[in-house]
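Remarks on the overall topology
Each chain is listed here by its residues.
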Amino acid sequence: MATAGLYRRSLPSPPAIDFSSAEGKKIFSEALQKGTVEGFFRLISYFQTQSEPAYCGLASLSVVLNALSIDPGRKWKGPWRWFNESMLDCCEPLEVVKAKGISFGKVVCLAHCTGAKVEAFRTNQTTIDDFRNFVMKCSSSENCHMISSYDRGVFKQTGSGHFSPIGGYNAERDMALILDVARFKYPPHWVPLKLLWEAMDSIDQSTGKRRGFMLISRPHREPGLLYTLCCKDESWVNIAKYLKEDVPRLVSSQHVDSVEKIISVVFKSLPSNFNTFIRWVAEIRITENAKENLSAEEKSRLNLKQVVLKEVHETELFKHIKKFLSSVGYEDSMTFAAAKACCQGAEILSGCSSIEFCCREVKCVNGAVEVEGTLVTGVVVRDGSEQNVDLLVPSTHIDCEYGPEATYPAGNDLFTVLLLALPPQTWSGIKDQALLNEMKQLISMAFLPTMLQEEVLHLRRQLQLLKRCQENKEEEDLAAPAY
């Protein structure tokens, strides 16, 4: 027997005032004249409804990041780079969020992970007067937006903890505009600011901490161009533990007496699922769209990726790693790597993270695009249907005994950038002073080109945030990670 389900809810008024009501329009008009709904127009241009009942935090963050025109650096669907809830998985697996929701600290962590500038406060860390000033500041600007975490019950609404952006402020009435991302439930509405403060000044039973608000503005730096960390499942916890605890212990052993030995003990103890933790970012498109020439922006991005890849290959650390991996018979198969990337690409293009894809007939053609690079084509199979997917893979050339050889993002450079991104104190336990000095020089940021520095700092930022989550400190430490 089919159930009728629910079609929206009636907005309890008072205390809230429906944005589209006559009174709501009047409040908006008054605020517009005072210049305190400037941020509203950017937010409403990119506003979206949360796609899952527990995705209010992810949806609020997607709206704000897109309103700030922050480039995610990776594609959402088709050729489009765009923040979507499905891409916000740096600090908590999506399946966990879907089942349990997300805490204030984890949303702050996600915002940091995108590279945005974030200032976050719980109500016990600030005052209502400061909050009012922050609401005024963000409502009067297009360059700063606020997300509030509050208890719906204070407004006599159904449900409990919720996230939504704040779209405006009427100073004379002391009322804030909540752009509720659960549009299937309640429309945008005005609420008294004092009542909003009371709704935030409540305890989240899942963490035992008070709720609060965050201010998000343009990033200190854009997200990584070629590499990123991923924690789509719980396996990242073991990898974070390995990097944080096991690597310093391994390199402090008396038996570590050379750089090759350091690389050996770290590499041979890597968790089996390590290759799902750090990934290179490829340009993806459906083969049917390949008839269109690359845009100037796509060519520029591919060229920049190739610059970063070349800079990785020119580091002394990469040369050590490549030598070691060759000595143990490790080989990167471009076909295998491409098949994995094609499947990831199909997942992104379809928007389905829970469906299994497999790839066959993977082909790699060097120099097959308008700029130097490798074109990877694969046939992706899902539930009996097939989809041709192309990836534009950056590649560089190195001189070999038999002439120039094309190289591409692979295991050896992923391993290199991850070691560069580890905190410098990781190596402080090395007992041989000369070896310690050599290792410090190999990982020193001072010797890296600017673009590679930015890439390494992005990964280091992500590692610091994951370390917080692994230690369950994301609810305590809301500040941007220190490098």
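To be clear, the structure that these remarks concern was listed above.
Presented here is an overview of the structure given in this document. Here the residue numbering is sequential within each chain, running from 1 through the sequence in written order. Under the rules for a predicted model, residues below a pLDDT of 70 receive no local features and side-chain atom pairs below 80 are neither given nor counted, while totals for whole chains, interfaces and linings still include all residues. The basis for every side-chain value is the complete set of heavy atoms in the structure, and neither hydrogens nor water enter the calculation.

With that settled, the discussion passes to the overall build of the protein chain. Secondary structure assignment for the protein chain yields 15 helices and 19 strands. Every one of the 483 residues in the protein chain was classed for burial, and the buried ones make up 54%. We call two residues in contact when some of their heavy atoms are within 4.5 Å. In the protein chain, the share of contacts with a sequence separation of at least 24, taken over all contacts with a separation of at least 6, comes to 68%. Only DSSP runs of H or I covering at least 4 residues are called helices, and only runs of E covering at least 2 are called strands; the numbering of each starts at the N terminus. Each residue is placed in one exposure class: buried if its accessible area under a 1.4 Å probe, protein chains only, is under 20% of its type's maximum, exposed if it is over 50%, and partly exposed if it falls in between.

Take the residue count of a helix, subtract one, and multiply by 1.5 Å to get its expected span. For helix α15 (residues 450-470), built from 21 residues, the straight-helix expectation of 30 Å at 1.5 Å per residue is met to within 8% by its first-to-last C-alpha distance of 30 Å. In the segment just after α15, Asn472 is the residue with positive phi, at about 55 degrees.

Glancing now at the sheet that holds strand β4 (residues 117-122). Strands were regarded as paired on the criterion that DSSP finds at least two bridges between them. Strand order in the open sheet formed by 7 strands is β1-β8-β7-β6-β5-β11-β4, with antiparallel pairing between adjacent strands. In the strand order of this sheet, the two ends are held by β1 (17-18) and β4, each with one partner. For helices, the fitted line uses only the C-alpha atoms of the stretch in contact; every axis is such a line through C-alpha atoms, and the angle between N-to-C directions lies from 0 to 180 degrees. Each of β5 (144-151), β6 (161-170) and β11 (212-217) touches helix α3 (residues 56-67); the most contacted strand, β6, lies at about 35 degrees to it. This element, helix α7 (residues 193-200), spans β5, β6, β7 (175-178), β8 (189-192) and β11 of the sheet and lies at about 65 degrees to β5.

The buried count for β5 comes to 7 of 8 residues, which makes it a mostly enclosed element. Bridge count for β5 against β11 is 5 bridges, and the pairing is antiparallel. Paired with His145 across the two strands is Ile216, which belongs to β11. Sheet topology note: the β5/β6 ladder contains 6 bridges and is antiparallel. When the sheet's bridge partners are listed, Tyr150 is paired in β6 with His162.

Where a strand is regular, its side chains alternate between the two sheet faces. When you tally the buried positions in β11, you get 6 out of 6 residues, the bulk of the element. With burial as the criterion, each face of β11 is covered, one bearing Gly212, Met214 and Ile216 and the other bearing Phe213, Leu215 and Ser217. With 6 bridges connecting them, β4 and β11 associate as antiparallel partners. Note that in β11 the partner of Phe121 across the bridge is Phe213.

Quick look at the state of the cysteines now. Cysteine sulfur atoms that pair up within 2.5 Å are treated as a disulfide. Counting across every chain of the model gives 1 disulfide. Across a sulfur-sulfur distance of 2.4 Å, Cys138 and Cys144 are joined as a disulfide pair. A relative accessible area of 8% places Cys144 in the buried class.

We now examine the pattern of salt bridges. Whenever Lys or Arg places a side-chain nitrogen within 4 Å of a carboxyl oxygen from Asp or Glu, that contact is recorded as a salt bridge. Using the criterion set out here, one finds 18 salt bridges in the structure. Among the salt bridges present, the one from Glu474 reaches Lys106, with a minimum N-O distance of 3.6 Å. In this pair, Glu474 sits in the segment after α15 while Lys106 sits in helix α5 (residues 104-113), placing the two residues 368 residues apart along the sequence. With its nearest N and O atoms 3.1 Å apart, the salt bridge here joins Asp201 to Arg210. For Arg210, a relative accessible area of 31% corresponds to the partly exposed category.

Stacked, tilted and edge-to-face are the three classes applied to pairs of Phe, Tyr and Trp rings, where Trp contributes its six-membered ring and a pair requires centres within 6.5 Å; stacked means planes under 30 degrees apart, edge-to-face means over 60, and tilted covers the rest. By the definition in use, this model includes 14 aromatic pairs. Their ring planes at 50 degrees and their centres at 5.8 Å tell us that Phe134 and Phe213 sit as a pair that is tilted. Remark: Phe213 occurs in strand β11 and Phe134 occurs in helix α6 (residues 128-139); sequence separation between them is 79 residues. Here Phe213 falls in the buried class, since its relative accessible area comes to 0%. Joined through ring pairs, the aromatic side chains of Phe121, Phe131, Phe134, Trp197 and Phe213 make up one cluster.

What follows covers the packing of α6 against α7. Where α6 contacts α7, the two axes come as close as 11 Å, and the packing angle between them is 115 degrees. Considering the angle they form, α6 stands roughly perpendicular to α7. Seen from above, α6 lies across α7 with right-handed handedness. Seen from α6, the contacting residues are Ile128, Phe131, Arg132 and Val135; seen from α7, they are Leu193, Lys194, Leu196, Trp197 and Met200. Partitioning the contact of α6 with α7 into residue classes produces 7 nonpolar, no polar and 2 charged. Note on terminology: angles under 35 degrees are roughly parallel, angles over 145 are roughly antiparallel, angles of 65 to 115 are roughly perpendicular, and the others are oblique. In this scheme the handedness of a crossing depends on how the near helix is turned from the far one: anticlockwise by less than a right angle means left-handed, clockwise means right-handed. Residues are grouped as follows: Ala, Val, Leu, Ile, Met, Phe, Trp, Tyr, Cys and Pro are nonpolar; Asp, Glu, Lys and Arg are charged; all remaining types, including Gly, are polar.

Taken N-terminus to C-terminus, the directions of α3 and α5 make an angle of 30 degrees; their axes are 10 Å apart at the nearest point. Between α3 and α5, the crossing angle belongs to the class labelled roughly parallel. Here α3 runs over α5; the crossing is right-handed. Across the interface between the two elements, Gly57, Leu58 and Leu61 from α3 touch Val107, Leu110 and Ala111 from α5. Here the contact of α3 with α5 is composed, by residue class, of 5 nonpolar, 1 polar and no charged.

Cis geometry is adopted by the peptide bond preceding Pro14, which originates at Ser13 and carries an omega value of 0 degrees. Checked against the element boundaries, Pro14 lands in the segment before β1. Between Pro14 and the following residue, Pro15, the backbone shows a cis peptide bond with an omega angle of 15 degrees. For Arg8, which is not glycine, the phi dihedral falls at a positive 60 degrees. Considering the arrangement of structural elements, one finds Arg8 in the segment before β1. We classify Arg8 as partly exposed; its relative accessible area is 41%.

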